[in-house]
Amino acid sequence: MMPETRSVLVTGGAGFIGSHLAEAFLADGKKVVVLDDLSTGHRSRVPKGANFVEGDIRRFDLEGLLKDANVDTILHYAAQIDVRKSVEDPVFDAEVNVLGTIRIAQAALAAGVAQIVFASSGGAIYGDPEGFAADENHPTNPVSPYGVAKLAGEKYLFGLAHGTSLVVTALRFANVYGPRQDGRGEAGVIGIWMKTLLEDGECLINGGGDQSRDFVFVGDVVKANLAAAARRKAGVINVGTGVETSVNRLYDLVAAACGTPRPARRGPAKSGEQMRSVLDVTKSRTALGLTTLVALPNGLSRTAAWFRRAPSPA
Ligand SMILES: NC(=O)c1ccc[n+]([C@@H]2O[C@H](COP(=O)([O-])OP(=O)(O)OC[C@H]3O[C@@H](n4cnc5c(N)ncnc54)[C@H](O)[C@@H]3O)[C@@H](O)[C@H]2O)c1
């Protein structure tokens, strides 16, 4: 027999963003199940109170899990997140990020799940922005297999849910940073620099440092998910700050947050690197109520405090 209380499933809930989500939905009074294969995540990050299931979204009996736990909302965060790895092994990237996502959708439909919130990427799917900033209607021109797979994941979810009662929400994140991040994600440079500076090392800036990104604090990403689930909001929504920050400016802020204002070494520009990226976040204000966001210096000092305490996974 199905348990009466409905649950939230967080795939990738042992990872950076997913573990924050699991904590927040528990704190919000929800029952939380985490499915993670621990390929990059850590068991120690799964909060007490969440039901942890070790498994790979490419193979696991997802429909059985959804029915057993009576899941009504899936936060789909499990993914291969390394852009460089997606270039080296696009087949593996697509197996996890495209086929894995299709399996999630099929299981959700079979188990009568109400909503899937999908972790998409505004940083990776718009490509070099045509005019500023990129809103949800900006053309999608991903330049990496990772970006292509995220876009395909969205399309499959909306396509498979079409004509059914399944609500699909694709949150297109900017570069997410915060406690528990490491050097792999789309804001990985912050983790790399913080670790280096706190160990008295010298950081490297590739190219002129004029490249720009939109950095959003993980706490604001959590708020976006809570609102998307509470409002059962369907559609594509950018989640970022709308603020464009250059790599040079970011470095100064990171060094200040670490209390180590030392200059970075300069290296050659990375070929093929996207020069600018910033999201138009107007829709997230109205659709998700995301009006007050954590400012970058504040978020960086909270992140640096975590790196000082726990530079290792836990
Ligand atoms: N970090 C960012 O800046 C950013 C930006 C845009 C989108 N996203 C997306 O958000 C999600 C979470 O990213 P993150 O930065 O927390 O990364 P992360 O690597 O910390 O988390 C991913 C989690 O998924 C798990 N996982 C990977 N493959 C799996 C599989 N086949 N089956 C089950 N579990 C698997 C990993 O063990 C890990 O715990 C990803 O979908 C990512 O693409 C992240």
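1. Regarding the overall build of the protein
When you go through the protein residue by residue, the secondary structure sums to 11 helices and 13 strands. Here the protein has a C-alpha radius of gyration of 19 Å; the compact-globule value for 314 residues is 20 Å, and the two agree. Projecting the C-alpha coordinates of the protein onto the three principal axes gives extents of approximately 60 × 40 × 40 Å.

2. Description of the site of the ligand
In the vicinity of the ligand lie 32 residues, with Gly 12, Gly 15, Gly 41, Ala 79 and Gly 185 positioned nearest. At the level of elements, α1 (16-27), α4 (90-111), β5 (115-121) and β7 (175-177) are the ones that each hand at least two residues to the shell around the ligand. At three residues, the largest contribution of residues to the shell around the ligand is made by α1. Residues belonging to the shell around the ligand are distributed by class as follows: 14 nonpolar, 13 polar and five charged.

3. Considerations on the nonpolar core
The nonpolar side chains of a soluble globular protein tend to be buried, and buried together. The biggest cluster of nonpolar side chains holds 93 residues, and the ones touching the most others in it are Ala 108, Ile 116, Leu 171 and Val 254. Element by element, the count of residues in this core is highest for α4, at seven residues. The residues that make up this core include at least three from each of domain 1 (7-176 + 216-239) and domain 2 (177-213 + 244-280 + 289-309). Contact partners of Ala 108, with chain neighbours within four places excluded, come to Leu 66, Ile 74, Val 113, Ile 116 and Leu 166.

4. Considering helix α9 (residues 247-258)
Side chains of residues three or four places apart in an α-helix project in the same direction, reflecting 3.6 residues per turn. Along its 12 residues, α9 runs 16 Å from first to last C-alpha, staying within 8% of the 16 Å computed at 1.5 Å per residue. As for α9, its buried residues are in contact with α7 (188-198), β8 (204-206), β12 (245-246) and α11 (296-309). Phi for Gly 259, located one or two positions after α9, is positive at around 70 degrees.

5. Let's talk about the environment of Phe 92
Along the chain, the position of Phe 92 falls in helix α4. Expressed as a C-alpha distance, the spacing of Phe 92 and Gln 80, which sit 12 residues apart in the sequence, is 8.3 Å.

6. Some details on the sheet that holds strand β11 (residues 235-239)
The pairing of strands in a sheet happens through backbone hydrogen bonds and is either parallel or antiparallel. Read across the open sheet, the seven strands follow the order β3-β2-β1-β4-β5-β6-β11; overall the sheet is parallel. On the outer flanks of this sheet lie β3 (51-54) and β11, each paired with one strand and no other. Taking the axes of each pair of neighbouring strands and ignoring which way they run, one obtains an average angle of 20 degrees across the sheet. Of the strand pairs in this sheet, β5 and strand β6 (residues 167-173) are connected by seven bridges, and their pairing is parallel. Residue pairing for β6: Gln 115 is matched across the bridge by Val 167.

7. Let's talk about the domain arrangement of the protein
When cut into domains, the protein gives domain 1 (7-176 + 216-239) and domain 2 (177-213 + 244-280 + 289-309). Each partner contributes to the interface: domain 1 provides 28 residues, whereas domain 2 provides 22 residues. Looking at the side of domain 1 that touches domain 2, the element that brings in the most residues is helix α8 (residues 218-231), giving six residues. Here the residues of the side of domain 1 that touches domain 2 are counted per class, giving 14 nonpolar, eight polar and six charged.

8. Structural notes on the packing of α7 against α9
At a closest axis distance of 10 Å, the pairing of α7 and α9 adopts a crossing angle of 45 degrees. By the angle between their axes, α7 is oblique relative to α9. Like other packed secondary-structure pairs, α7 and α9 cross with a definite hand, here right-handed. Across the interface between the two elements, Ile 190, Trp 193, Met 194, Leu 197 and Leu 198 from α7 touch Tyr 251, Val 254, Ala 255 and Cys 258 from α9. Class assignment for the residues of the contact of α7 with α9 results in nine nonpolar, no polar and no charged.

9. Considerations on the environment of Val 294
For Val 294, the location among the structural elements is in the loop between α10 (282-288) and α11. Along the primary structure Val 294 and Thr 241 are separated by 53 residues, whereas in three dimensions their C-alpha atoms are 8.8 Å apart. Apart from the residues within four sequence positions on either side, Val 294 is in contact with Phe 217, Gly 219, Asp 220 and Gly 299.

Scoring rules and cut-offs
Residues numbered from 1 in each chain as written. Predicted model: local features only at pLDDT ≥ 70, side-chain atom pairs only at ≥ 80, totals over all residues. Helix = DSSP H or I, 4+ residues; strand = E, 2+ residues; numbered from the N terminus. Rg over C-alpha atoms; globule rule 2.2 N^0.38 Å. Near = placed C-beta within 6 Å. Nonpolar A, V, L, I, M, F, W, Y, C, P; charged D, E, K, R; others polar. Core = buried A, V, L, I, M, F, W, Y, C linked by C-beta atoms within 7 Å. Buried ≥ 20, exposed ≤ 12 C-beta atoms within 10 Å, placed from the backbone. Domains from an automatic or database assignment. Contact = placed C-beta atoms within 7 Å. Expected span 1.5 Å × (residues − 1). Pairing = 2+ DSSP bridges. Axes fitted to C-alpha atoms, helices over the stretch in contact; angles between N-to-C directions. Parallel < 35°, antiparallel > 145°, perpendicular 65-115°, else oblique. Left-handed = near helix turned anticlockwise from the far one by under 90°.

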